[in-house]
Amino acid sequence: MPRSTFAFSNFTSGELSPRLDGRIDLPKYFSGCKTLENMIVHPHGGAARRPGTRFISETKSSGEARLVPFEFSTTQTYVLEFGNTYMRVYKDGGQVLNSGTPVEISTPYSAAEANEIKFAQSADVLFIVHPSHQPRKLSRTSHTSWTLSLYAPTNNPFTSTNNFPSTVTFFEERLVFAGTNAAPQKLFFSKSGDFEDMTTGTNATDGMTFTIGSDQVNAIRYIKGLRTLLIGTTGGEFVATASSSAEPITPTNIQIKRQAGYGTSEVDALLAGNRILFVQRAGKKVRELVFDFDTDGYIAPDLTILAEHIGGSGVGTGFTNWTYQQEPDSIVWVVRSDGVLTGMTYQRGENVVAWHRHILGGAFSGGDAVVESVAAISNSTASSKGEDTLYMIVKRTINGGTKRYIEYLQPFDFGSDVEDAWFLDSGLVYSGGATTSLSGLDHLEGQTVSILANGATHADKTVSSGAITLDRSVTKAVVGLKYTSKLQTMRIESGSAEGVAQGKVKRIHEIVARFFQTVGAEVGSSETQTDLIPFRDSSMAMDQPVDLFSGDKNIEFASDYETDNFVYIQQTQPLPLTVTALFPQLNTYDG
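The rules behind the values
Residues numbered from 1 in each chain as written. Predicted model: local features only at pLDDT ≥ 70, side-chain atom pairs only at ≥ 80, totals over all residues. Heavy atoms only, no water. Buried < 20%, exposed > 50% of the residue type's maximum accessible area, 1.4 Å probe, protein only. Helix = DSSP H or I, 4+ residues; strand = E, 2+ residues; numbered from the N terminus. Pairing = 2+ DSSP bridges. Salt bridge = Lys/Arg side-chain N within 4 Å of Asp/Glu carboxyl O. Axes fitted to C-alpha atoms, helices over the stretch in contact; angles between N-to-C directions. Phe/Tyr/Trp six-rings, centres within 6.5 Å; stacked < 30°, edge-to-face > 60°. Lys NZ or Arg CZ within 6 Å of the ring centre and 35° of its normal.

Student: Explanation requested: the pairing of strand S8 (residues 77-83) in the structure shown.
Tutor: Each regular strand shows side chains that alternate between the opposite faces of the sheet. For S8, the tally of buried residues reaches 7 of 7 residues, placing the bulk of the element in the interior. The alternating pattern of S8 places Thr77, Val79, Glu81 and Gly83 on one face and Tyr78, Leu80 and Phe82 on the opposite face, and all of these are buried. Inspection of the sheet shows strand S7 (residues 66-71) paired to S8 by 6 bridges, in the antiparallel sense. Each bridged residue has a counterpart across the sheet, and for leucine 67 the counterpart in S8 is glutamate 81. Linking S7 to S8, which pair antiparallel, is a turn of 5 residues. Relative to strand S9 (residues 86-91), S8 runs antiparallel, the two being bridged by 5 bridges. The residue bridging phenylalanine 82 from the neighbouring strand is methionine 87, located in S9.

Shown next as C-alpha cells:
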C-alpha cells in the first residue's frame, strides 16, 4: 500500500483531449487538465479564473454583427461594429456618441457578409474586401468622423462583379489583393510605395499580377506579409519571394513556392507575435506557419494536436472568428460555431500551448449564452492596467427575447483589494454613497443576478424594472450574471509497488492546494463532490470581506476508494481563484 504525494506543478498544457486519457508516457499529460472551463492558463504555469465581462451596449436592434479592430496607434484604438448595412464605433470601453447618438455610417455589407469581410490597415485607412463588393476604404478623421468610400486606383483591375478580391494585405510597401471569383489563384500588387496605383509593368516599382501555378485550382483564402508573403489556399500553403532573399519582390523576380498541403478555411489568418496562425480547411484545427531552417521552408505544426476536441464535434461545427490578445498573457481567442469561446495561451518560446473553454454567464434559448464575435485592441487607459482589451458580442435570451450585447473582458489584474474584483458577466458597477437600491440594469431585466457587495458575496436577486434591492447597504457593488470556473486534473500517476498506478484502487486523503489571491473556492474529487475551502478564520471581522489569500491550504480530502482519481476545483462565487499548484497525498493498493 504505497503512500505518495503527487505534484501538479503547472497547467501549461491546458485542457487535453479525452483521447489522451491513457497517455501517461507523454510529459505534457501531467501539466494538462481533463477540464479547464472559464479558467485561463498563465504562461508561467498557474491557472486563473477568467475575469467577467462589462456591458457596453446592445447591437443595433439586437441584430447579428461582427467586431473589427481599428488601431491607428497604441493610444488610438477602436472596435467597429459591422451589422446589416451599418457600422458603429467603440473606444475605451464605451460606445462613441455624437450629441448623445451612436456614431454610425452606412455600408453595403449585409450581416452575413460582414462576417466574411477581410481587411488590412494603413494608418487611418482600413482597406476592406469582400468577393461580392468592390473594395472600399474606411477613413477616420476624428473619433466621430468616419467615411467609407470606393477604392478606385489608377488602372483599377476590380471593376466587374466577378472580379472583386476576397483578401488583402500589405507587403514591401505594396498593397496586395487576391482571390477573385474569376481568378481565385491570382494576386494583384500595387506599385511600390503607391497604394492608389495598380498599373502593371516590368520596372522594379511597377504593379504586377501573378497566378499561382499548381496541380489544382484552389482559391486563395488569405495573404499575410512577414519576412515573405505567405499565401493560404483551400488546398495548401505557399510563399512568395524574390529570386534572391536580399531583394524585394519585383515584376521580374517574383516566385511562388508551395510549402505545405493542409489548406485553410474561410477564417482569415491571424498574426500572433511573429507567427501566422490559420484554421485548417475543415475548420477544427489551428496550425502555425513557421520557418524551419532544417528544411529551408515553412512547416505548419498542429496547435490542436493535444486538444483535438476543442474545435467541437459533428458536421458544421468548428472555428468561425478569432483575435489575438497580446497583453497580459498572449492568448488567442477563438469563437466556435456553437457559441463556445475557446482560448489558447500561446507562448511558443516557452513551449506553452494551452487551450481552455469559456461559457459566458446567462442563457440562450434554453442552452448556454452564445459568443458570436471577438476583437482585441491595445488600451492605454489607466483602467486597463496596460492590458489589451477583448471585446465580444454575446447572444442571450433576456426577458423572453433575443438580445445581443457588446461587452468587454475586465482586466486580469484587478489589484490587491477584493472590492475591485469583477467575476460576473454582462455586469455593471456601482460606486458611491451607501445605498440598498441599484438601478440601471435594464439590459438584465428579469434575470437572476449575482452581486459582489463591498468585496463580499450577497444573495442573488432578480432584476425588476431595471433595478434590484439589496439586503444591506453598499458603497461599491458589481452586479451581473454568474458563471462557474472549473479545473479538473488528469488521472494521478504516482506509481505503485508493482509498477504504474493506473487501474489500481487509490484514495486521496489530503491535498495541499497552493493559491494566489484567492477567496472562496471548493475542492473535491468531482463536480458533485466538493467541499468549500475555509478562507475566513476567527481572527477576521465578520462584517468585513475576506482578504485575498496567497499560499498553501492543507485540506482534508473527501474521496472514495476508486481507480479513477482526480482533483477537482471550482469557483461558483463572484470571487477570484488562481491555482498555482496541487499536491494530493494518496494511498495506492496493489491487491
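So that's the structure; there's more coming.
Student: Help me understand the pattern of salt bridges in this model?
Tutor: When charged atoms on two side chains of opposite charge get close, those side chains can pair. The full count for this structure, using the stated rule, is 28 salt bridges. With its nearest N and O atoms 3.3 Å apart, the salt bridge here joins arginine 275 to glutamate 288. Of this pair, arginine 275 sits in strand S27 (residues 275-279) while glutamate 288 is found in strand S28 (residues 286-292), placing the two residues 13 residues apart along the sequence. Overall, the relative accessible area of 24% leaves arginine 275 in the partly exposed class.

Student: What's the story with the sheet that holds strand S25 (residues 254-260) in this structure? I'm lost.
Tutor: The strands making up a sheet associate through hydrogen bonds between their backbones, and the pairing can be parallel or antiparallel. One open sheet holds the 4 strands; their spatial order is S22-S23-S24-S25, and the pairing between them is antiparallel. Each edge of the sheet is formed by a strand with only one pairing partner; in this case those strands are strand S22 (220-225) and S25. Averaged over all pairs of adjacent strands, the angle between their axes in this sheet comes to 25°, without regard to strand direction. Inspection of the sheet shows S22 paired to strand S23 (residues 229-233) by 5 bridges, in the antiparallel sense. Counted as the bridge partner of glycine 225 is leucine 229 from S23.

Student: Mind showing me how you'd approach the pairing of S28 here?
Tutor: For S28, a buried count of 6 out of 7 residues is recorded, marking the element as mostly surrounded by other parts of the structure. The pairing of S27 with S28 spans 4 bridges and is classified as antiparallel. Across the sheet, the residue bridging to leucine 277 is glutamate 288, located in S28. Here S28 runs beside strand S29 (residues 297-299); their pairing, made up of 3 bridges, is antiparallel. When the bridges of S29 are listed, phenylalanine 291 appears paired with tyrosine 298. Between S28 and S29, which follow one another and run antiparallel, lie 4 residues, and aspartate 296 among them has a positive phi close to 55°.

Student: Even after reading the chapter, I still don't get the packing of aromatic side chains, so can you show me in this structure?
Tutor: In this description, an aromatic ring pair is defined by two values, namely the gap between the centres and the angle between the planes. A full pass over the atoms with the stated rule returns 23 aromatic pairs. Each ring, one from phenylalanine 70 and one from tryptophan 146, has its centre 4.9 Å from the other, and the planes form 75°; the classification is edge-to-face. Within this pair, whereas phenylalanine 70 is found in strand S7, its partner tryptophan 146 is found in strand S17 (residues 145-150), the two being separated by 76 residues in sequence. Using a relative accessible area of 6% as the deciding quantity, one classes tryptophan 146 as buried. Between phenylalanine 291 and phenylalanine 293, the ring centres sit 5.0 Å apart and the planes meet at 80°, which makes this aromatic pair edge-to-face. These aromatic residues form a ring-pair network of at least three members: Phe127, Tyr151, Phe158, Phe170, Phe177, Phe188 and Phe195. Cation over ring: lysine 60 sits above tyrosine 86, and NZ or CZ is 5.0 Å from the ring centre. The ring of phenylalanine 72 has arginine 140 lying over it, and the distance from NZ or CZ to the ring centre is 5.1 Å.

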